[in-house]
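Okay, here's what each chain looks like letter by letter:
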Amino acid sequence: MGDETKSGMKCRKCNSASQVIRQQWEDDCGGPTIYHDDHICLGCGLIVNSGGCSLQAKSLEEYQRKYGHIVSRENVAYKKLMNAALKEAKIGLAEGGVPIGAALGTTSGRVLARAHNMRVQDGDPMAHAEIACMTALGREKDFHGLILASTLMPCALCAGAVIQFGVGTVVAGESRNYGGERKLMKARGVKVEDMDDKRCVSMMSDFIRDNPDLWSEDIGEKTKKRGRKARESCASCGK
């Protein structure tokens, strides 16, 4: 069925490596498929059959009936979209930009648009990854049924776009390095999931450590600090 790799099997559909993940299943081809509980493709999300797993079934329903596992189609879709977003973040990093990527897709994980932060490359302060991704998709009558995946929890700028256009679900790769506007989005009815992906955490923490000024520029931190100092000066002189 596939060749052994350090991360697992190779997918026979797209030849990508797979990763050990349990209880995440999706009938990606729409027909009878062998399901098992240890390998999922990092590229397309297809379940990769190792041929040696004792937990097998020829349909999602049969698997649920026989083994009683909680199956989450959403988690598979989130992983597909996050993988696409992470690839974009790596492209941005290679270009000398801020390594944040985003992908818009369907609930099955089909990627409709992808982009990465282009503030440095284009000299555009508004070119955050999520904004660039929505721009790449173009005119869309209904964003509510789509999932927006971003390698980092969206900031106020991007959360505003999510709310304005009614994106139904936002999946963040992580929020350890930057908390973002999770509460704001949830308060406006957006479903927000934080995957706490170690790959996203590591990439962003390394970037912030090595490029503190560029990161502060990206989130407007310097502007905020200047504003606080100005207010403090006024308060001290009584004006």
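Read on for an overview of the structure. Fair warning: this is a prediction, and the values are worked out from it, not measured in the lab.

Focus: the overall build of the protein
Stage number 1. Across its full length, the protein holds 9 helices and 9 strands.
Stage number 2. Expressed as a percentage of its 239 residues, the buried residues of the protein come to 46%.
Stage number 3. For the protein, contacts bridging at least 24 residues in sequence account for 52% of all contacts bridging at least 6.
Stage number 4. Working note: accessible area of the protein is about 12400 Å², and carbon and sulfur atoms make up 50% of it.

A short note on the layout of surface pockets
Stage number 1. In this structure, the largest pocket occupies an estimated 200 Å³ of space.
Stage number 2. If you go around the largest pocket, you meet 14 residues; those closest to its centre are H128, C155, L157, D218 and I219.
Stage number 3. Of the residues assigned to the lining of the largest pocket, the class counts are 7 nonpolar, 2 polar and 5 charged.

Looking at helix α7 (residues 198–210)
In an α-helix, one turn spans 3.6 residues, which is why side chains three or four residues apart end up on the same side.
Stage number 1. Given a rise of 1.5 Å per residue, 13 residues ought to cover 18 Å, and the 18 Å separating the end C-alpha atoms of α7 matches this to within 8%.
Stage number 2. All of the buried residues in α7 are C200, V201, M203, M204, F207 and I208.

Structural notes on the packing of aromatic side chains
Stage number 1. Summed over the entire model, instances satisfying the criterion amount to 2 aromatic pairs.
Stage number 2. Ring centres of F143 and F165 lie 6.0 Å apart, and the angle between their planes is 50°; on these two criteria the pair is classed as tilted. Residue F143 is located in the loop between α4 (129–137) and β7 (147–150), and its partner F165 is located in helix α5 (residues 156–165); the two are separated by 22 residues in the primary sequence.
Stage number 3. Assessed through its relative accessible area of 7%, F143 is described here as buried.
Stage number 4. With a centroid separation of 5.7 Å and 90° between ring planes, the pair formed by Y178 and W215 is classed as edge-to-face. With Y178 in the loop between β8 (169–172) and α6 (182–187) and W215 in helix α8 (residues 212–218), this residue pair connects regions lying 37 residues apart in the sequence.
Stage number 5. The exposure class assigned to Y178 is buried, which follows from its relative accessible area of 19%.
Stage number 6. Assessed through its relative accessible area of 7%, W215 is described here as buried.

Overview of the sheet that holds strand β5 (residues 101–105)
Stage number 1. Taken in spatial order, the 5 strands line up as β6-β5-β7-β8-β9 in an open sheet, and their pairing is mixed. Each having just a single partner strand, β6 (111–116) and β9 (191–194) make up the two edges of the open sheet. Neighbour-to-neighbour, the strand axes of the sheet open up by a mean angle of 15°, direction not taken into account.
Stage number 2. Pairing analysis gives 4 bridges linking β5 to β7, with the strands arranged antiparallel. Note on β7: the bridge partner recorded for G105 is I147.

The rules behind each value
Residues numbered from 1 in each chain as written. Predicted model: local features only at pLDDT ≥ 70, side-chain atom pairs only at ≥ 80, totals over all residues. Heavy atoms only, no water. Helix = DSSP H or I, 4+ residues; strand = E, 2+ residues; numbered from the N terminus. Buried < 20%, exposed > 50% of the residue type's maximum accessible area, 1.4 Å probe, protein only. Contact = heavy atoms within 4.5 Å. Areas by Shrake-Rupley, 256 points an atom, 1.4 Å probe, with all protein chains shown as cover. 1 Å grid on protein atoms, 1.4 Å probe; cavity = no way out; pocket = protein on both sides within 12 Å on 5 of 7 lines; lining within 4 Å. Points joined across faces, edges and corners; volume = space filled by probe spheres on them. Nonpolar A, V, L, I, M, F, W, Y, C, P; charged D, E, K, R; others polar. Expected span 1.5 Å × (residues − 1). Phe/Tyr/Trp six-rings, centres within 6.5 Å; stacked < 30°, edge-to-face > 60°. Pairing = 2+ DSSP bridges. Axes fitted to C-alpha atoms, helices over the stretch in contact; angles between N-to-C directions.

No statement about biological role is implied by the geometric values presented.
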